Amino acid sequence: MQVTPRMGRGLVAVTLGVLAASPAAAQATGDPSAANGLFRLFVDSKHVLVRSLVQDFSIPVAGDVNLSLHWNNEHVTVPGVSAPVGSPEAIDAITTASRPISGDAYQDYEKVRNELEGQATRGPVSVGYYYSTESDYVGQQVSATYNRDLHDDQLNLSFGTSYGWDDILPLENQRSTTAASTKNTMHWNAVATQLLSPTSVVRVGVEYNHVSGLQHNPYRLVYAGGTTVPERHPDSRERRDAFVKFHQYLSNRSSLQFDYRIYDDDWGVFSHEVAGGLSQYVTRGLYARYQYRWYRQSSADFWSNDYTTTQGIDGYLTGDYRMSPLSSHLFGVSLNADLSVLAPDSPTLRRFALTFDYERYFNNENYSADILETGVEFRF
Amino acid sequence: MKTSQRNTWKRALGLLLAAILCAPALTGCAAKGVAAYQRENLADPIMAFQTRAKRDARRVRALEAREGSTGGIGGEGGGCACK
C-alpha cells in the first residue's frame, strides 16, 4: 500500500471531520487541573548524555473540553570521535547518535531539542498537534483518536490515526553531503481494552505505520569495498505490530503485568518483545514497581557485517546497528508516592505526587544505558 | 532471515492479528459479570493502564533510537535529537 503525503493529509482531515461531528462527544471529561514536572537523565556506554526537562499541564477549558499541553526541553551531548575523521575506527564512535563532523570533531557536540504538543479532548474524541525542533530537524504531526465504551463499559474500543511530516536539514559535514530532505509518517491503530474479571483486564492492539522519505543518518558513513561511503536506506518502509497487555490484581495489594509485542516490516526486521512487571504497595499511597523486558529482532535484508562493494545489497548500505540481529534486556525499578494519601491533612502536601524511576538497558552490541527519572505532580 | 522463515513468521503474525481482532468480541460475553461496584481494584493505580501511559511513551521513544522496531502504544513522533 502506497500512502502519499497528499493522501495522508486527506485521510487525517476526513477523520478529524468525522470525529468533530460525532454526537457522542457530549460527555464532560471531569478531569481535574494538574501540572507535572519531570527531569530525565539518559547516559549510555557511548557517553551520549541526554537531559530532559518535561512539563505537562492539563486544564478543563470552555464547555466540556479538556486541554493538555506538553513541553520537553532536551539537551543532548554527543562525544567527539575517538579516531581520525574518515577512518573506519571513527565510524563506531557515532553509531548511536547523529552529529555532523565539522570543525574539531574530537570535541563534544551539543544540540538542543524542544518539543511542544497540545491535545484537546471532548468526550471520546481527542485531536492533537505536535511540533519538535532542533538544529537539523523539524518534526510536525497531527493526530486524532476516538474511543467508545461498549457492553456496559466492560469493553473499550479506541481508534487512532496520525500524520507526521518532518523536515531534515543536515548541517555542514566534512565527510558527506546530504541535501535537505523530508520524511512523512502515516499511522493507524486500533486498541481494545476488556475487563475479564474484578481483578483482571486485558488490552490488545494493532498498529500500522507507513514511512516515506529520508530514513538513514545523513552524517553516517559505512565501510564498504575498502573505502567509506554514505549510508543509504530505502526511502519507503511499512511497519506493523500487534500487542497484548494483561494486568492481574493480587490479594496482597500487588499486581502483575505482562506485555507481548510482535513486529514486522518490509525491510526484513522482525521482532518479539516480552515484558513483565510487579507492582507492590509498601504502604497506603506508596508503591514500588519492578520490571523486566526482553527484546529480540532479525536483521534488515540489506544489513551486512562486511560489504564487499560500494553498492552494498540491492543498492543499500547501513552502518546502523539497529538494522542488525539484536537482542536486549531492560531492568527497572520505580517508586511512586501519592501524598494525598500519605499526608491527607496537609493542605499543600496532599496536592503532590512523586515518582522515581531507574532503568538499566543493555544489548548484544555491547551497548548499555542508564535512565533515571524523577517527577513531581501538582494537582490544583 | 531467509524468505521461507519470514513467510512462516508472517503467517504467525497474521494469526495473532486475527486472534487479537476477535478477542474483544469473544471475551465481551464472558465479562458481563463485572459490575461497577466490583471495579475498585481495576481502578487502582497499580492496575490502570493510564498510570504508565506517558512513561511507556517516553520509553518507546528512547528505544526507537536503539532498536529496529517501534510500537506498542500508538503513533510515531517526528524528530529525536538522540537518534
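Refer to the preceding data block for the structure.
Residues numbered from 1 in each chain as written. Chains lettered and ligands numbered in written order. Predicted model: local features only at pLDDT ≥ 70, side-chain atom pairs only at ≥ 80, totals over all residues. Heavy atoms only, no water.

Engineer: Mind laying out empty space enclosed by the protein, listing which residues take part and the relevant values?
Structural biologist: According to the stated counting rule, one finds 4 cavities of 30 Å³ or more in the structure shown. Forming the boundary of the second largest cavity are 28 residues, of which Asp 259, Glu 273 and Arg 293 of chain A together with Arg 59 and Val 60 of chain B lie nearest the centre. At the level of elements, strand E12 (236–250), strand E13 (254–265), strand E14 (270–283) and strand E15 (286–297) of chain A together with helix H2 (53–64) of chain B are the ones that each hand at least two residues to the lining of the second largest cavity. Of the residues belonging to the lining of the second largest cavity, the class tally is 9 nonpolar, 8 polar and 11 charged. (1 Å grid on protein atoms, 1.4 Å probe; cavity = no way out; pocket = protein on both sides within 12 Å on 5 of 7 lines; lining within 4 Å. Points joined across faces, edges and corners; volume = space filled by probe spheres on them. Helix = DSSP H or I, 4+ residues; strand = E, 2+ residues; numbered from the N terminus. Nonpolar A, V, L, I, M, F, W, Y, C, P; charged D, E, K, R; others polar.)

Engineer: So what's going on with the environment of Arg 351 of chain A? Residues and values would help.
Structural biologist: All names here are of chain A. Tracing the backbone shows Arg 351 in the loop between helix H3 (339–342) and strand E17 (352–363). Judged by its relative accessible area of 34%, Arg 351 is partly exposed. Put simply, Arg 351 and Arg 322 are 29 residues apart on the chain and 43 Å apart in space, counted from C-alpha to C-alpha. Not counting the four nearest positions on each side in its chain, Arg 351 is found in contact with Glu 377, Phe 378, Arg 379 and Phe 380. (Buried < 20%, exposed > 50% of the residue type's maximum accessible area, 1.4 Å probe, protein only. Contact = heavy atoms within 4.5 Å.)

Engineer: Run through the nonpolar core, naming residues and quoting values.
Structural biologist: Formed by 15 residues in total, the largest nonpolar core has its most connected members in Phe 42, Val 50, Val 76, Tyr 361, Tyr 367 and Ala 369 of chain A. Beyond its immediate chain neighbours, meaning those up to four positions away, Ala 369 of chain A contacts Phe 42, Val 43, Asp 44, Glu 359, Arg 360 and Tyr 361 of chain A. Core analysis: the next-biggest nonpolar cluster, separate from the first, contains 10 residues, Leu 195 and Val 201 of chain A together with Met 47 and Phe 49 of chain B among them. (Core = buried A, V, L, I, M, F, W, Y, C linked by side-chain atoms within 4.5 Å.)

Engineer: Lay out the interface of chain B and chain A with the relevant residues and their values.
Structural biologist: Listed as interface residues are 53 residues of chain B and, on the opposing side, 94 residues of chain A. Seen at the junction of chain B and chain A, the total is 8 salt bridges. Here Glu 67 of chain B and Arg 293 of chain A are joined by a salt bridge, their closest N and O atoms 2.9 Å apart. Our count for the contact surface shared by chain B and chain A stands at 28 residue pairs in polar contact (both at pLDDT 80 or more). For the side of chain B that touches chain A, the secondary structure elements donating two or more residues are helix H1 (3–30) and H2 of chain B. With 10 residues, the top contributor of residues to the side of chain B that touches chain A is H1 of chain B. Of the residues belonging to the side of chain B that touches chain A, the class tally is 21 nonpolar, 15 polar and 17 charged. (Salt bridge = Lys/Arg side-chain N within 4 Å of Asp/Glu carboxyl O. Polar contact = N/O pair within 3.5 Å; in protein donor to acceptor, adjacent residues only side chain to side chain.)

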